[in-house]
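Overview (structure and organization)
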Amino acid sequence: MMKSKYITLLWVFLYFSSSQHLLANESNLVLKNQQGELFELNKIVGKKPVYLKFWATWCKPCMEQMPHFQQAYEQYGDTIDTIAINIDLNDDPTAVAAVKKQFNLTMPIMSDHTAKVAQHYQFIGTPFHVLLDKTGKVIFQGHEADKALDNTLRLLSHDGMVAKAHLLDEGNKQAATALVIPEHGLKAILYTATWCDWYLADTRPKMATNCAAAQKQINLLTNQGIDTEARVSQLWTDQAAVDEYIEKFKVIHPVYIDHGNDLFIDNKISSVPTLVIYKNGLMVNRISDFSSPVNLQSK
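For the structure given in this document, a descriptive report is provided here. (Residues numbered from 1 in each chain as written. Predicted model: local features only at pLDDT ≥ 70, side-chain atom pairs only at ≥ 80, totals over all residues. Heavy atoms only, no water.)

Some points on the state of the cysteines
The term disulfide refers to a covalent linkage connecting the sulfur atoms of a pair of cysteines. Applying the stated rule across the entire model yields two disulfides. Through a disulfide, cysteine 59 is tied to cysteine 62; the S-S separation comes to 2.4 Å. The sign of the S-S torsion, about 80°, decides the handedness of the disulfide formed by cysteine 59 and cysteine 62: right-handed. Accessibility expressed as a relative area gives 0% for cysteine 59, which makes it buried. A sulfur-sulfur distance of 2.2 Å marks the disulfide that ties cysteine 196 to cysteine 211. Judged by the sign of its S-S torsion, about -130°, the cystine formed by cysteine 196 and cysteine 211 is left-handed. Taken together, the residues cysteine 196 in helix 6 (residues 196-199) and cysteine 211 in helix 7 (residues 205-223) connect sequence positions 15 residues apart. In terms of burial, cysteine 196 and cysteine 211 fall into one category: buried. The disulfide pattern of the protein is 1-2, 3-4 when the bonded cysteines are numbered in sequence order. (Disulfide = S-S within 2.5 Å. Buried < 20%, exposed > 50% of the residue type's maximum accessible area, 1.4 Å probe, protein only. Helix = DSSP H or I, 4+ residues; strand = E, 2+ residues; numbered from the N terminus.)

Observations regarding the packing of aromatic side chains
Applying the stated criterion across every chain, the model contains 14 aromatic pairs. Relative to tyrosine 121, the ring of phenylalanine 54 lies with its centre 6.5 Å away and its plane at 55°, an arrangement referred to as tilted. Of this pair, phenylalanine 54 sits in strand 4 (residues 50-55) while tyrosine 121 is found in the loop between helix 4 (116-120) and strand 7 (128-132), placing the two residues 67 residues apart along the sequence. Classification of phenylalanine 54 by relative accessible area gives buried; the value is 0%. For tyrosine 121, a relative accessible area of 0% puts it in the buried group. Measuring from ring centre to ring centre gives 5.8 Å for phenylalanine 123 and phenylalanine 128, while their planes differ by 70°; the resulting arrangement is edge-to-face. The same class applies to phenylalanine 123 as to phenylalanine 128, namely buried. Among the aromatic side chains, those forming a connected cluster through ring pairs are Trp58, Trp195, Trp198, Tyr199 and Trp236. One residue, lysine 53, lies across the ring of phenylalanine 69, its end atom 5.3 Å from the ring centre. (Phe/Tyr/Trp six-rings, centres within 6.5 Å; stacked < 30°, edge-to-face > 60°. Lys NZ or Arg CZ within 6 Å of the ring centre and 35° of its normal.)

Everything listed here is a matter of geometry and, on its own, says nothing about what the molecule does.
What follows is the structure, given as structure tokens:
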């Protein structure tokens, strides 16, 4: 099936050795713990190895990997600082707490409430493993709980260093298309994901229905002559996925991938779909419930 093939391909990345030093000592890399307290990553980075796992409660392979993650923490938690980082997209503390209880997770669990930590570590899709050596250098990026991850954890646990880095191929990085907000008239921007209508169908059916309804309503707004476009999350997405999405929903407005996740971060988008409305150059409304028709003509 096209969808399952697409997801599989997204998890098969080419790894390469790199001498690039990607460090995490910026003071703006902040997470939020389950008590709502802020935690700066620079408090632990550069002191001993660090294992960051990015995940979501609705991510099926994330759930499949949780027993491995807990086992790794129990084995290496004394020598490697470990944090479970929820990406805070279409998620909530209750769902996170339920996962913690289900898998008896004992490592620190935090949320990337600004999405800037994921952006810094070149996050592409969940699950996402990032390992840093004791100097703060990123020496591993991956999606699978496999032998490569286990071997790197074992090596790090010995003296905090690894001779050869394994990072995701950066050769296909693209710049995001600039967003233009007109000084006069209405502009409607739908922040969504190409997969949210079908991937969430089992785990979050209401969200999936809302995603489909949003796109159908934006098509109607476009037909009314309103300036509309969609910005889709870079999570699990490439141009082929966008093309499939456009065909599926008969989209008649522009659709762009938010490469780098800058617009999602700048507009504090923590759930999809979200419709952001501008009038005469100013943001005037945000809509996330599409159970009833959206009418912008009176805005």
